[in-house]
Amino acid sequence: MSSRRKFIKQSLASGIGLSMGGISLANPAAEKPAVKSVSLPDISNMVSMPPDMPFIPRRVASWWVTIEDLQWSQKSIRDKIKRRAAAFAEAQIDMVVNYGFHIRFDFSNYFGQLHGLMANACEELHQYGIKFMDHYSCNHVERPKDEADFHKLHRSHRHHVLLFHDPIAAAHAQYEGHRFHDICEVDIRDGSRGYSLQYQMEAFCHNNPNFLDMHVKYLKRLLNEVPIDAIEVDDMCDYVGLAACGCVHCRERFKRDYGREIPPFDDKSFWGDTSKPMLWWGNYENPAFRDFIQMKTDGIVDHVKLVKSVVGDLPLMSCCSSTGPITLNAISLDLEKMSPYLDFFMLENVGTNIHSVNWIPKDAEALHQKDIAKQRGDSPAIALSYTIYERGGYLGWALSRFWGVANWSSTHNQRLIEDPADAREMEEVIHEWNNWEVQQSDLDFREGEDLVEVRLVSNSYCRDNGWRDEDGKEHWDRLKAWSASCVAHNVGYRFVRARELSDVAALLSEKTPLVLDGVACVSDAQYNAISSFLASGGKAWLALPFGTHDEKGYLRDKPLHDALLRRFKRNITVLESALQGDMLDKLIQEGRFKPLLTQVGGDKRWAVRMRWHGDKLVFHFLNSAIKAIPHPTIKDNGGSPILQDIDSSITDNRLSYRLNLASLNETSYILQTPELKEAHREITCIKKGKGYDLDVDLSDIKLYAVLQ
C-alpha cells in the first residue's frame, strides 16, 4: 500500500500522473479533431415498429464479473462460469444481465478476451434456458482529473470494473481509428473535454458522427462474436450536464434544426444563475434555452434509433432511474422520447442502505415507467433493486410483485469501499424468493391488469418547458403527492401521459376520472381531447393552473381553464393541489368518491394493490411501515448504514376491508407469503349487501403477502 501511495505522489510531481500544480493533465482544452468522412446507417426514415419480444424475462439477476475474468480462457475462469450458470438455474433465474466492464471503450484493447468470456457465459447459461443480456455504457471513458477524483473513482465505482488509461496513454487511446480525445464533448465554459464530476468520466458527444461510427462498428463486432439474447446500452443521457456540448456538431445541429446559436457562458439570459448547482441552471423563460434542452435530447434519441437499426430484432433496453422531474433535463434523460425504439424498460430502484425501506416515493416512478412500457406494445417492465444481503433482495422482489413487473435482483457489494467479509453471491440473495414464487405463487406479471380507479395526468410538456409554480414546485411534485395519497387509501391508479392526453378515443375508453393537478403546459390537441372527454360525460378533478402555457412553453393570452370551467363546470371538481393536503381523503369524506376497497379495521399502513388475472382478483399486501435493521458497522459511501434485516412497526395486523364490487367470480382465497414458507391461510370474501366483507390476518408477516 505504501509503495502505491508513493507511486501516485511521484507521478504527480513528475507530471506523468494525474495532475501537477493544480492543472489537470487528464483534461486540457479539447484539441481540434481531425475531420473524417464516415458513413452511418440511414435512420432518417426509420419509424417506430412493434417491440421485439422473442422472450419475456420475469426473474432477472446481475451476472457480476471482475478484473480477474479478463484472464479468460484460463481453466479456473471457465470452471467458475460453469458453476455459476448451474447455481443461477437453481435460483430460477431466467435472464442474466452482464454487470462489469461497464465503461466499455476503456476495454477496447481487450475486446477479444472480453467477448470470449461473454460467449463462454452464453454457452453455459443457454444450456439451462437462461438468456444473456449484455449491459454497458457506450459514451464514456473513465478519466479522473486529479488525485482526489482518482481515489473517489476507486472508492465509489468499483462495480464498473476499473481499467482505464493514464493521461499519457489516454492521449493516444482509440478504437477503429477514432481517437477518444477527438470525439469527446466540449465544455462550453472553457473548451475542455466534457467531464462528469459524478462519475469521473469524459463523455463522447452523441451528435459526433465519428463517435457514432465507432459505436456502430463495435456493436457489429459484439453481435458477431457473442451470441447475446438482448442488450442494454446504458447511459443514454449526458452526465456532463448543461456544461456541454459546445462542439462543432452540436453547434451545427442547433443552427440547422432550431435556427439558433449556443451563446457564451456568461449570457445569463440563456444560462440563468450558474452559481447554483448545474441541475438548476438555465432560464426556462427564454425559448432559446428550451430549444437547447430539446436539441440535446434529439441527439440522444437519434443515437438510440441508430443502435436499434444495428441490433435489429434483438431486444434493446436502456437504463432509467427516473422519468418525472425537471432536473432530468439537465442530463438529457428522457425515456418517453426514447421509448419508440426500445423493447424492454427498466426502473433502477437504487438503494442498498436503510432508507430503501421507504418505498412509497418510488411508487410514482414505478407506475410511470410501467405505463411507458404498457403503451409501447405492452413491453416488459423490469424493476432493478440493489442489495447486499438476502432481506434487501426480498424487499426488491416484493416491490416488483406489488408493482406487477419483472424483478431484476442485483447485489452491489462493489459499490461499497470493499466487499463485506460475509458478502453473498448473487444467486444466494434471490434463491429463496424466486423458488417460493415458482412453487407457490407463479403469477405472470404481464397477464395482470391493475384495477384502476383514477388516472393521474402526467404531461411531459410541463417538464420539457421547466414549469414551476410561484412556490418553486413542479408538476411532478403534485403527481408524487397524488401517488402517495392513492397508496395510503389503497386506490388503484395509473398515469395518462402527453400522447394519450391528446387521444380522444383513449380518454373515452375508461370512465375513471382524470386528475389534472398543475397541468400548466397544454397543447390545443390535448385541450380538445379533454373537452371531448368531458362533453361525453367524463369527470375531471382540477387543481389550477391549467393551460396557462402551450406545449412549447409560451404563455397563452388566456389560460385554458377559463373556457374549460365555463363549458364543463358540471363535470369538473375544482380542488386545491395535492401539495396542500390529502385531496383524495377530502373527496372520500365528502362522498364524492367511493374507493373500491375501504379499510374498516386494523393498521392502515399495510398497502394493498389489486390486480385482475383473467376473471380472478388478486390482492398484494406490502408494508409501508418497514423498520430497517442496519448493519452494525458497514455503511455506504454516503455514510448511511447498509440494510441487513427488516422488521415491522405494525402491531395490529388483523385487517378488515369492505370490497365495493357487485360480484366476484371467486370468493375463496388463500393468503401466502415467503415468510410462512409453504403454509397458507384460508380467507373468504363474505357477500354482504352490495359488496363483500374481507378479513385478513397478517400476523407474523413483516413485509409482503398475496391473497389469491
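Residues numbered from 1 in each chain as written. Predicted model: local features only at pLDDT ≥ 70, side-chain atom pairs only at ≥ 80, totals over all residues. Heavy atoms only, no water.

1. Looking at the sheet that holds strand β5 (residues 131-137)
Logical step 1: Read across the sheet, 8 strands follow the order β12-β11-β5-β4-β3-β15-β14-β13 without closing on themselves; strand pairing throughout is parallel. With partners counted over all chains shown, the strands left at the sheet margins are β12 (316-317) and β13 (345-349), one partner each.
Logical step 2: Pairing of strand β4 (residues 95-99) with β5 involves 3 bridges; the strand directions are parallel. When the sheet's bridge partners are listed, Val-97 is paired in β5 with Met-133.
Logical step 3: Across the sheet, helix α12 (residues 390-403) touches β13, β14 (381-387) and β15 (406-411), and the angle it forms with β14 is around 160°. (Pairing = 2+ DSSP bridges. Helix = DSSP H or I, 4+ residues; strand = E, 2+ residues; numbered from the N terminus. Contact = heavy atoms within 4.5 Å. Axes fitted to C-alpha atoms, helices over the stretch in contact; angles between N-to-C directions.)

2. Here we look at α12
Logical step 1: Taking 1.5 Å per residue, 14 residues should reach 20 Å; α12 reaches 20 Å between its end C-alpha atoms and fits that length.
Logical step 2: Along α12, the positions that sit buried rather than exposed are Gly-392, Gly-393, Tyr-394, Leu-395, Gly-396, Trp-397, Ala-398, Leu-399, Ser-400, Arg-401, Phe-402 and Trp-403.
Logical step 3: A positive backbone phi angle near 75° is found at Gly-404, which sits one or two residues after α12. (Expected span 1.5 Å × (residues − 1). Buried < 20%, exposed > 50% of the residue type's maximum accessible area, 1.4 Å probe, protein only.)

3. Here we look at the environment of Val-65
Logical step 1: Within the fold, Val-65 resides in the loop between β3 (59-64) and α2 (75-90).
Logical step 2: For Val-65, a relative accessible area of 5% corresponds to the buried category.
Logical step 3: Between the C-alpha atoms of Val-65 and His-159, which are 94 residues apart in sequence, the distance is 8.8 Å.
Logical step 4: Not counting chain neighbours up to four residues away, the residues in contact with Val-65 comprise Asn-98, Tyr-99, Gly-100, Phe-101, Leu-117 and Val-161.

4. Focus: the pairing of β13
Logical step 1: Here β13 lies mainly inside the structure; 5 of its 5 residues are buried.
Logical step 2: Neither face of β13 is open: one carries Phe-345, Leu-347 and Asn-349, the other Met-346 and Glu-348, and all of them are buried.
Logical step 3: Where β13 and β14 come together, 5 bridges link them in parallel fashion. If you follow Leu-347 over to β14, its bridge partner there is Ala-383.
Logical step 4: With respect to chirality, the unit in which β13 leads through helix α11 (residues 360-375) into the neighbouring parallel β14 is right-handed. (Right-handed = clockwise from strand over helix to strand, strands pointing away.)

5. Description of the environment of Pro-51
Logical step 1: Secondary-structure assignment places Pro-51 in the loop between β2 (23-24) and β3.
Logical step 2: For Pro-51 and Tyr-341, which are 290 residues apart along the polypeptide, the C-alpha to C-alpha distance reads 7.7 Å.

6. Examining the packing of aromatic side chains
Logical step 1: Counting across every chain of the model gives 39 aromatic pairs.
Logical step 2: Taken together, a centroid distance of 5.7 Å and an interplanar angle of 90° make the contact between Tyr-136 and Tyr-218 edge-to-face. With a gap of 82 residues between them, Tyr-136 in strand β5 and Tyr-218 in helix α6 (residues 209-225) connect regions that are remote in the sequence. Just as Tyr-136 is buried, Tyr-218 falls in that class too.
Logical step 3: One aromatic cluster in this structure is built from Phe-254, Tyr-258, Phe-265, Phe-270, Trp-271, Trp-281, Tyr-284, Phe-289 and Phe-292.
Logical step 4: A cation over a ring is seen here: Arg-84 above Trp-63, with NZ or CZ 4.1 Å from the ring centre.
Logical step 5: The ring of Phe-55 carries the charged tip of Lys-131 above its face, separated from the ring centre by 5.4 Å. (Phe/Tyr/Trp six-rings, centres within 6.5 Å; stacked < 30°, edge-to-face > 60°. Lys NZ or Arg CZ within 6 Å of the ring centre and 35° of its normal.)

7. Let's talk about helix α9 (residues 287-311)
Every α-helix winds through 3.6 residues per turn, so residues three or four apart in the chain are directed the same way.
Logical step 1: Counted at 1.5 Å a residue, the expected span for α9 with its 25 residues is 36 Å, and the 36 Å between its end C-alpha atoms agrees.
Logical step 2: Among the 25 residues in α9, 21 count as buried, and that is most of the element.
Logical step 3: A side-chain oxygen of the first residue of α9 lies 2.9 Å from the backbone nitrogen of Ala-288; this N-cap is Asn-286.
Logical step 4: The first or second residue beyond α9 is Gly-312, which carries a positive phi of 65°. (Polar contact = N/O pair within 3.5 Å; in protein donor to acceptor, adjacent residues only side chain to side chain.)

8. Observations concerning the environment of Asp-234
Logical step 1: With respect to the helices and strands, the residue Asp-234 is situated in strand β11 (residues 230-234).
Logical step 2: Distance from Asp-234 to Met-317, taken between C-alpha atoms, is 7.9 Å for residues 83 residues apart in sequence.
Logical step 3: Those residues in contact with Asp-234 that sit more than four places away from it in its chain are His-102, His-135, Tyr-136, Ser-137, Cys-138, Asn-139, Ser-318 and Cys-319.

9. Topic: the pairing of strand β20 (residues 540-549)
Logical step 1: With 9 of 10 residues buried, β20 lies mostly within the body of the structure.
Logical step 2: Bridge count for β20 against strand β21 (residues 572-574) is 3 bridges, and the pairing is parallel. Within the sheet, the bridge partner assigned to Leu-542 lies in β21 and is Val-574.
Logical step 3: With helix α19 (residues 560-568) bridging β20 and its parallel neighbour β21, the resulting β-α-β unit is right-handed.

10. Focus on the sheet that holds strand β18 (residues 493-497)
Logical step 1: Sheet architecture is open: 5 strands sit in the order β18-β17-β19-β20-β21, paired in parallel fashion. Both outer strands of the open sheet, β18 and β21, are each paired with one neighbouring strand and no more. Neighbouring strand axes in the sheet, compared pairwise and without regard to direction, differ in orientation by 35° on average.
Logical step 2: Looking at chain direction, strand β17 (residues 454-458) and strand β19 (residues 514-521) are connected through 2 bridges and run parallel. The residue bridging Leu-456 from the neighbouring strand is Val-515, located in β19.
Logical step 3: Here α11 sits on the sheet and contacts β17 and β18; the angle it forms with β18, its principal contact strand, is near 60°.
Logical step 4: Sheet contacts for helix α15 (residues 475-488): β17, β18, β19 and β20; angle to β17, the most-contacted strand, approximately 165°.

11. Remarks on the pattern of salt bridges
Logical step 1: For the structure on display, the rule yields 56 salt bridges.
Logical step 2: Its salt-bridge partner being Asp-69, residue Lys-80 comes within 2.7 Å of it at the nearest N-O pair. In this pair, Lys-80 sits in helix α2 while Asp-69 sits in the loop between β3 and α2, placing the two residues 11 residues apart along the sequence.
Logical step 3: The salt bridge partner of Asp-79 is Lys-75, with a shortest N-O separation of 2.6 Å. Taken together, the residues Asp-79 and Lys-75, both in helix α2 and 4 residues apart, mark about one turn of the helix.
Logical step 4: Residue classification places Asp-79 among the partly exposed positions, given a relative accessible area of 26%. (Salt bridge = Lys/Arg side-chain N within 4 Å of Asp/Glu carboxyl O.)

12. So, the side chain of Thr-673
Logical step 1: Here Thr-673 is to be found in the loop between β28 (668-672) and β29 (681-684).
Logical step 2: Here Thr-673 falls in the buried class, since its relative accessible area comes to 0%.
Logical step 3: Beyond its immediate sequence surroundings of up to four residues, Thr-673 is in contact with Tyr-394, Trp-436, Ile-701, Tyr-704 and Ala-705.

13. What about the packing of α6 against α9?
How two helices sit against one another is set out by the angle between their axes and by the gap between those axes.
Logical step 1: Across the interface, α6 lies against α9 with an axial gap of 10 Å and an inter-helix angle of 30°. On the basis of their axis angle, the class for α6 and α9 is roughly parallel. Handedness of the crossing formed by α6 with α9: right-handed. Here Phe-211, Leu-212, His-215, Val-216, Leu-219, Lys-220 and Leu-223 of α6 lie close against α9, whose contacting residues are His-303, Leu-306, Val-307, Val-310 and Val-311.
Logical step 2: Partitioned by chemical class, the residues of the contact of α6 with α9 number 9 nonpolar, 2 polar and 1 charged. (Parallel < 35°, antiparallel > 145°, perpendicular 65-115°, else oblique. Left-handed = near helix turned anticlockwise from the far one by under 90°. Nonpolar A, V, L, I, M, F, W, Y, C, P; charged D, E, K, R; others polar.)

14. Observations concerning the confidence of the model for the protein
Keep in mind that low pLDDT regions are not for reading the predicted coordinates in detail.
Logical step 1: Counting all residues, the mean pLDDT for the protein is 94, and 95% of those residues have values of 70 or more.
Logical step 2: A low-confidence stretch, residues 1-25 stays under pLDDT 50, and its non-local contacts, those more than four residues away or across chains, total 29 contacts. (pLDDT = per-residue confidence, 0-100.)

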